[in-house]
Amino acid sequence: KLEVKEVVPLYGCTICEGPDVNNVPIEWKVTFENQKVDTIEIKGTEIAVFIDAKGVNRIWGNWYPDIIIPDFVTYGYLDVQEGMAGWQIDMRPYTGSEEIYTVKAEDISGIPRKVLYATENEDQQQLEIRYCWELRIEYEGENFDGWRAYVDIEEGLLIDLVSQ
């Protein structure tokens, strides 16, 4: 089931020169919410469909069929939260500063939630879906809010760290 997130007109000119320039919607972009399996969202699976007067002219994104959610949670969110305290994060990619930030227990905020996370498997150069805890990590410095960490529920490994 696809759920519409946004519908946006895309403008172009039908008369591009002269005194009677006409810039009007010539296409529509329909963006759909991330895919869900049961109630669990698959991050990074937004689909965009582009439509013109002749119909659909392109589709951008991926749909993942036949996703199986494991019945057993090997690493609970409390285990993951406790394990994150003491993590060291190089701040150069996030703030440009030559600093190593050490995560403290109080930096981990909010209630973790289960998500399915689409990521690229570097060994085989293909996409895979990982069942993860999504946790928010606050940064106590300036000019940066923090991260969302995606930790695999079955293996306890950090899959991705994304700035907020």
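Above this note sits the structure.
Please read these numbers as outputs of a predicted model, since none were measured by experiment.

So, about the packing of aromatic side chains. Inspection of the entire model under this criterion finds nine aromatic pairs. Taken together, a centroid distance of 5.6 Å and an interplanar angle of 45 degrees make the contact between Y94 and F144 tilted. With Y94 in helix α2 (residues 92-95) and F144 in the loop between β10 (126-138) and β11 (146-152), this pair connects stretches of sequence that are 50 residues apart. Put simply, the rings of Y94, Y101, Y139, F144 and W147 pair up and form one aromatic cluster.

With that out of the way, let us pick up the side chain of E41. Mapping E41 onto the fold places it in strand β4 (residues 40-43). Look at E41 and you get buried, because its relative accessible area is 17%. Of the polar contacts made by the side chain of E41, one reaches the side chain of N34; its length is 2.7 Å. A polar side-chain atom of E41 sits 3.2 Å from a polar atom in the side chain of R113. Beyond its immediate chain neighbours, meaning those up to four positions away, E41 contacts N34, Q35, K36, R113, V115 and L116.

Turning our eyes to something else, we now look at the pattern of salt bridges. For the structure on display, the rule yields 13 salt bridges. With a shortest N-O distance of 3.9 Å, E98 and R92 are connected by a salt bridge. The exposure class assigned to E98 is exposed, which follows from its relative accessible area of 68%. Across the salt bridge formed by K104 and E140, the nearest N and O atoms sit 3.3 Å from each other. Taken as a pair, K104 in the loop between β8 (100-102) and β9 (108-121) and E140 in the loop between β10 and β11 lie far apart in primary sequence, 36 residues in all. Judged by relative accessible area, which is 26%, K104 ranks as partly exposed. In this structure, a network of salt bridges that share partners links the residues E41, K43, R113 and E134.

In this section: the sheet that holds strand β3 (residues 36-37). The six strands are arranged β3-β4-β9-β10-β11-β12 in an open sheet whose pairing can be described as mixed. Bordering the open sheet on either side are β3 and β12 (158-163), each of which pairs with just one other strand. Bridge analysis of β10 against β11 gives seven bridges, and the strand direction is antiparallel. Across the sheet, residue I137 finds its bridge partner in β11, namely W147.

What counts and what doesn't
Residues numbered from 1 in each chain as written. Predicted model: local features only at pLDDT ≥ 70, side-chain atom pairs only at ≥ 80, totals over all residues. Heavy atoms only, no water. Phe/Tyr/Trp six-rings, centres within 6.5 Å; stacked < 30°, edge-to-face > 60°. Helix = DSSP H or I, 4+ residues; strand = E, 2+ residues; numbered from the N terminus. Buried < 20%, exposed > 50% of the residue type's maximum accessible area, 1.4 Å probe, protein only. Polar contact = N/O pair within 3.5 Å; in protein donor to acceptor, adjacent residues only side chain to side chain. Contact = heavy atoms within 4.5 Å. Salt bridge = Lys/Arg side-chain N within 4 Å of Asp/Glu carboxyl O. Pairing = 2+ DSSP bridges.

From the geometry alone we can't say anything about function, so treat these as descriptive.
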